[in-house]
Amino acid sequence: MSHSQQSGYIVCPHCDALYVQHTPEFGERAVCTRCRTVLIAPRRNAFIRILALSVTNLILVIAALFLPFLQISRAGFHNETSVMDAVLAFSDGPLFVLSLAVGALIVLVPMMRMLLTLYVLGPMVAGRAPARGAAKAFRLFEALKPWSMAEIFVLGCGVALVKVAALAQVHLGSAFWMMGVLVIVVLLQDNMMCRWSVWNALEKRS
Ligand SMILES: [Zn+2]
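What counts as what
Residues numbered from 1 in each chain as written. Predicted model: local features only at pLDDT ≥ 70, side-chain atom pairs only at ≥ 80, totals over all residues. Heavy atoms only, no water. Pairing = 2+ DSSP bridges. Helix = DSSP H or I, 4+ residues; strand = E, 2+ residues; numbered from the N terminus. Core = buried A, V, L, I, M, F, W, Y, C linked by side-chain atoms within 4.5 Å. Buried < 20%, exposed > 50% of the residue type's maximum accessible area, 1.4 Å probe, protein only. Donors = N, O, S within 2.8 Å, 3.2 Å for Na, K, Ca; no water. Expected span 1.5 Å × (residues − 1). Contact = heavy atoms within 4.5 Å.

A few words now on the pairing of strand 5 (residues 68-74). One ladder, built from six bridges, connects strand 5 with strand 6 (residues 77-82); its direction is antiparallel. Among the inter-strand pairings, arginine 74 is bridged to a residue of strand 6, identified as phenylalanine 77. The hairpin turn running from strand 5 into strand 6, its antiparallel successor, is two residues long, and alanine 75 in that turn takes a positive phi close to 45°. The pairing of strand 5 with strand 7 (residues 169-172) spans four bridges and is antiparallel. Residue glutamine 71 lies in a different strand from strand 7, and its bridge partner there is histidine 171.

Of all hydrophobic cores here, the largest spans 23 residues; its most connected members are Phe69, Val83, Ile106, Val107, Phe153, Met179 and Leu182. Within the residue set of this core, elements represented by two or more residues are helix 1 (46-66), strand 5, helix 2 (83-88), helix 3 (96-125), helix 5 (150-164) and helix 6 (174-192). By size, the runner-up hydrophobic cluster in this structure holds 20 residues, among which are Leu116, Leu121, Met124 and Met193.

Coordination sphere of the zinc ion, protein contribution only: Cys12 (SG), Cys15 (SG), Cys32 (SG) and Cys35 (SG), at 2.2 to 2.3 Å. Each donor residue of the zinc ion lies on the same chain, and together they follow the pattern C-x2-C-x16-C-x2-C. With cysteine 15 in the loop between strand 1 (9-11) and strand 2 (18-20) and cysteine 32 in the loop between strand 3 (30-31) and strand 4 (38-40), the pair connects residues that are 17 residues apart, well separated along the chain. Taking relative accessible area as the criterion, cysteine 32 reaches 0% and is therefore assigned buried.

Between the first and last C-alpha of helix 6 there are 27 Å, a value that for 19 residues agrees with the 27 Å anticipated at 1.5 Å per step. On its buried side, helix 6 packs onto helix 1, strand 5, helix 3, helix 5 and strand 7.

Rendered as structure tokens:
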């Protein structure tokens, strides 16, 4: 990926401050002096790393769906739940809307964001021109960020578990740890994703 000097302006997406753009070197960061938002943070091989993290995430989400998330036992009774069970828990009653929302927020949206990264960055990592509609796909990727709630699900489950643990014996299943790892990988990925670099690359290569 080339980062040649480019003249122009850059607007802080957070506070709208306007700056004359200087492209930083790899590993450097351009930060808004008013609100400390990171504007540009190019990293060497960032795209391929982000892609690798996306594939990792996809595998984690799909596996976590079906593997046991929780096992609860009390007085000889034993129950096992997967994320899929949690999503489908309300699927028969009037609460099925809730079921849909939960499924979308903890599974579909994170998965879609991963697929969008593959679509946007994949061809560029392979040295080709961006795929058709890559700019739209990247815009959607950014718009979906606040709706990706896998981490809130994991956190919520953690809190609920502390309460249930007093009443029954709770074992965390493999899916719980997978979702935990997923949360960390998503954080790493968002941290590595420099939106300016992506837009810049999309513009230059199309
Ligand atoms: Zn700012």
